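# Residue-level structural notes
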Amino acid sequence: MPKIASAQYDISFLETWQNFAEKTQRWVKEAADNQADILLFPEYACMELASLFSKEVYSSLSGQLTALQTLLPDYLELFKTLAGEHRVYIQAGTFPVKHDNGEFRNHAYFFSPHGEIDYQEKLTMTRFENEHWHISRGLEIKVFDTEFGKVAINICYDSEFPHYARQQTERGAVLILVPSCTDTEAGYYRVRIGCQARALENQCYVVQASLVGNADWSEAVDINCGAAAIYTPVDKGFPATGILAIGNYNQPQWVYADLELTAIDRVRQEGQVFNFQDWPKQFACR
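Summarised in this report is the structure supplied together with it. The model shown is predicted, which means the values in this text are computed figures rather than measured ones.

### Some remarks on the pattern of salt bridges
Inspection of the entire model under this criterion finds 14 salt bridges. Between E43 and K122 there is a salt bridge whose closest N-O contact spans 2.8 Å. Here E43 is found in the loop between strand 2 (38-40) and helix 2 (55-58), whereas its partner K122 is found in the loop between strand 6 (117-121) and helix 5 (127-133), with 79 residues between them in sequence. Among the residues examined, K122 registers a relative accessible area of 1% and is labelled buried. Among the salt bridges present, the one from K150 reaches D145, with a minimum N-O distance of 2.5 Å. The partly exposed category is assigned to K150, whose relative accessible area is 30%.

Written as structure tokens, this is what we have:
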């Protein structure tokens, strides 16, 4: 039974790489000391790294994207080292990565305790990402193998579209990680409602992480609000609310829960309803 830690991660003005590394080490160590096996950080948590550059850079939407590429190798090495050192799986804060064709895509990197690194790209972009930040969408839907079972990632807005999670659960995922970054209460609830809907219809665990705190200095992530939570099927053996654990709104913290992943197969076979099995039937109606 793995224990998951989902972050309500506060964005900081860091100024140096050492400050970022020490902050990350503290967060990971705290979760590992609390016996967490899987750690989830929010979408765009890496944008605090823009504070390592000049005001001219961190005040520019395009300038910070280009500058951040110089830190990507160190970013990957830091989380790879921490995952191995603490023997945990980590989905790090998402990182906008420049591809060979010049496009920037939002990567959620997934680190194993054994040294493997993979990533899920964000598949549907918000208006801000499309119209102002010019970050492009990815196209590949992935599932990741872990010693606890198959895990998938829906990056923030992706959780509001059922096709992605459905493909992942049909490929065996029993846990979907949702790193989120929302700047209004309505935005937070859109993602939260999407997470709960995906947990309901696929009868699986869905875990949300939230970026919190204001960063007036940042053009990209100046306002951040939300709460981390672990959502479940709404059926026997699970909370009647579908909420296993949820954090205090807008307060930096880890939110923990033990996941009984074997219960997912059981509820899909013996539940009061068969949301997962009955999914195809909706397409027979005209």
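Moving on from the model shown.
### Focus: the environment of K98
Considering the arrangement of structural elements, one finds K98 in strand 4 (residues 95-98). You can call K98 partly exposed: its relative accessible area is 45%. Along the backbone, K98 and F79 are 19 residues apart, and their C-alpha atoms lie at a distance of 19 Å. Excluding residues within four positions of it along the chain, K98 makes contact with Q69, E103 and F104.

### A look at the packing of aromatic side chains
How two aromatic rings sit relative to each other is set out by the distance from centre to centre and by the angle between their planes. Summed over the entire model, instances satisfying the criterion amount to 27 aromatic pairs. For the pair W27 and F41, a centre-to-centre distance of 6.5 Å together with 55 degrees between the ring planes defines the contact as tilted. Placement of the pair is W27 in helix 1 (residues 17-33) and F41 in the loop between strand 2 and helix 2, with a sequence separation of 14 residues. What links up through ring pairs into an aromatic cluster is the set Y9, W17, F20, W27, F41, Y75, F79, F95, Y109, F111, Y119 and W254. The ring of F276 is capped by R268, whose NZ or CZ atom sits 3.9 Å from the centre of that ring.

### Examining helix 3 (residues 61-68)
The complete set of buried residues in helix 3 reads L61, Q64, L65, A67 and L68. Packed against the buried residues of helix 3 are helix 2, helix 4 (72-86), strand 4, strand 5 (104-111) and helix 5.

### Details of the packing of helix 6 (residues 162-170) against helix 7 (residues 185-202)
At a minimum axis distance of 10 Å, the contact between helix 6 and helix 7 shows a crossing angle of 40 degrees. Of the possible angle classes, the one that applies to helix 6 and helix 7 is oblique. Note on packing geometry: the crossing formed by helix 6 with helix 7 is right-handed. Residues P162, A165, R166 and T169 of helix 6 lie in contact with helix 7, whose contacting residues are R198, E201 and N202. Looking at the contact of helix 6 with helix 7 residue by residue, the class counts come to two nonpolar, two polar and three charged.

### Overview of the packing of helix 1 against helix 4
Between helix 1 and helix 4, the least distance of the axes is 11 Å, while the angle of their chain directions is 25 degrees. In terms of orientation, helix 1 and helix 4 fall into the roughly parallel class. The handedness of the crossing between helix 1 and helix 4 comes out as right-handed. Counting all contacts with helix 1, which are made through W17, F20, A21, T24, Q25, V28, K29 and A32, the residues of helix 4 involved are D74, Y75, L78, F79, L82 and H86.

### Some remarks on helix 8 (residues 262-270)
In an α-helix, one full turn covers 3.6 residues, which means residues spaced three or four apart are oriented alike. All of the buried residues along helix 8 are A263, I264, V267 and R268. Projection of helix 8 onto a plane perpendicular to its axis shows the buried side chains occupying an angular sector of 140 degrees, all on one side. Along helix 8, exposed side chains directed more than 90 degrees from the buried face belong to T262 and D265. Contacts from the buried residues of helix 8 go to helix 6, strand 9 (173-180), helix 7, strand 10 (205-212) and helix 9 (275-278).

### Some details on the pairing of strand 4
Within a regular strand, side chains alternate between the sheet's two faces. Here strand 4 pairs with strand 5 via four bridges, running antiparallel. The residue bridging V97 from the neighbouring strand is R105, located in strand 5. Where strand 4 folds back on strand 5, the antiparallel hairpin that results is connected by five residues, among which G102 adopts a positive phi of roughly 95 degrees.

What counts and what doesn't
- Residues numbered from 1 in each chain as written.
- Predicted model: local features only at pLDDT ≥ 70, side-chain atom pairs only at ≥ 80, totals over all residues.
- Heavy atoms only, no water.
- Salt bridge = Lys/Arg side-chain N within 4 Å of Asp/Glu carboxyl O.
- Helix = DSSP H or I, 4+ residues; strand = E, 2+ residues; numbered from the N terminus.
- Buried < 20%, exposed > 50% of the residue type's maximum accessible area, 1.4 Å probe, protein only.
- Contact = heavy atoms within 4.5 Å.
- Phe/Tyr/Trp six-rings, centres within 6.5 Å; stacked < 30°, edge-to-face > 60°.
- Lys NZ or Arg CZ within 6 Å of the ring centre and 35° of its normal.
- Axes fitted to C-alpha atoms, helices over the stretch in contact; angles between N-to-C directions.
- Parallel < 35°, antiparallel > 145°, perpendicular 65-115°, else oblique.
- Left-handed = near helix turned anticlockwise from the far one by under 90°.
- Nonpolar A, V, L, I, M, F, W, Y, C, P; charged D, E, K, R; others polar.
- Arc of directions from axis to C-beta.
- Pairing = 2+ DSSP bridges.

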